[in-house]
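Chain by chain, the residues run as shown.
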Amino acid sequence: MNELFPRTSLEQWRVLMAIVEYGGYAQAAEVLHRSQSSVSYAVARLQESLGVTLLEPEGRRMKLTAVGDALLRDARPLIDAALRLEGRARALDQGWEPEVTLAVDALFPTRLLLKTLSEFAGTCTQTRVQVHEVVMSGADEALYAGKVELAVVRRVPQGFIGDWLMDVELVAVAAPGHPLFQLERELSLSDLVMHNQVVLRDSGERHPRDDGWLGAERRWTFGNPQTMIEVVEAGLGFAWLPIDRAAEGLAKGRLVQLPLKCGQSRKGDLSLVYADPEHTGPAVKALALCLRSVVAAE
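Residues numbered from 1 in each chain as written. Predicted model: local features only at pLDDT ≥ 70, side-chain atom pairs only at ≥ 80, totals over all residues. Heavy atoms only, no water.

Undergrad: Outline the overall build of the protein chain, listing residues and values.
TA: Helix and strand counts for the protein chain come out as ten helices and eleven strands. Taken along its principal axes, the extent of the C-alpha atoms in the protein chain is 85 × 45 × 45 Å. Looking at the 298 residues of the protein chain, the share that counts as buried comes to 41%. Within the protein chain, contacts between residues at least 6 apart in sequence are counted, and of these 69% link residues at least 24 apart. Put simply, the protein chain shows about 16,700 Å² of open surface, and 52% of that area lies on carbon and sulfur atoms. Between the averaged position of the 32 positive side-chain charges in the protein chain and that of its 39 negative side-chain charges there is a distance of 3 Å. (Helix = DSSP H or I, 4+ residues; strand = E, 2+ residues; numbered from the N terminus. Buried < 20%, exposed > 50% of the residue type's maximum accessible area, 1.4 Å probe, protein only. Contact = heavy atoms within 4.5 Å. Areas by Shrake-Rupley, 256 points an atom, 1.4 Å probe, with all protein chains shown as cover. Lys, Arg positive; Asp, Glu negative; His and termini not counted. Charge placed at Lys NZ, Arg CZ, Asp CG, Glu CD.)

Undergrad: Which residues make up the nonpolar core, and what values go with them?
TA: Within the largest apolar cluster, 36 residues are counted, with the highest numbers of intra-cluster contacts made by Phe108, Phe120, Leu150, Met166 and Leu258. Sort the elements by how many residues they give to this core and helix α10 (residues 282-296) lands first, with nine residues. Residues within four places of Phe108 in sequence aside, it is in contact with Leu113, Val152, Leu165, Met166, Arg245, Leu270, Leu291 and Val295. With 19 residues, the next largest nonpolar core counts Ala18, Ile19, Leu55 and Leu72 among its residues. (Core = buried A, V, L, I, M, F, W, Y, C linked by side-chain atoms within 4.5 Å.)

Undergrad: Describe the packing of aromatic side chains, with residues and values.
TA: For the structure shown, the criterion picks out two aromatic pairs. Ring plane angle 75° and centroid distance 6.2 Å describe the contact between Phe238 and Trp240, whose orientation is recorded as edge-to-face. Above the ring of Trp240, the side-chain terminus of Arg266 is found at 3.8 Å from the ring centroid. (Phe/Tyr/Trp six-rings, centres within 6.5 Å; stacked < 30°, edge-to-face > 60°. Lys NZ or Arg CZ within 6 Å of the ring centre and 35° of its normal.)

Geometric values such as these leave the question of function open.
Written out as structure tokens, the structure is:
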């Protein structure tokens, strides 16, 4: 018959792990702030409950038996999970949100987003992060719908207040074999509109925008920035791409800047917007601080 409750406790396994990590009963007792007799008793009860020997002496140190080593490997993830659960409970009790939601426009460099999340993970270990990747008015809709608590946007939507975060440079590029390069001269708007322009679809549905479209006769629209880049690299059109996303293609010769008379590069600015500045929790504020510090370090 299966028992309803385990005969061992996580505390007993934690004591065993401390003995192994620090070399003996006395060392473990000091680290755990317990008496040596209570440490010895915990391990004795653990071995008695399991009916196996977990430790054996090796000189002045204690080491795991083969059985103890196998069992402790299985116990470690359970101990780690319990410690995380306790830490999460303390964080929630102190007012830290269990989850924060962030909308990020496609103009924001991915490498900066990764650095931000890495920094935030080290600061708020108990808070989950949900990231909404959006394009143009997609950030507006996420804020209006209350889906996010923080947003990196191209335009601060009406009814919200935002702080400038950074400028992003966009460059006009095409594959080296594109027909535009065969003209062998500076290019004008009339040259461009005769060719296929590749653009990114606004992820918003209520009031989608066509930022950056020249009115070319042919336009290919994509929802994924990486797909858009690959289409341009394949020679199927030209586009203005954020320099951060175009950098690898330019460096490896898959992309070349178009020799435009004017407008070869553009600047787009990104702002940081709180959904509700008056009722922002500590985790959201910490994430915003990470965003600002990562951008400032560039």
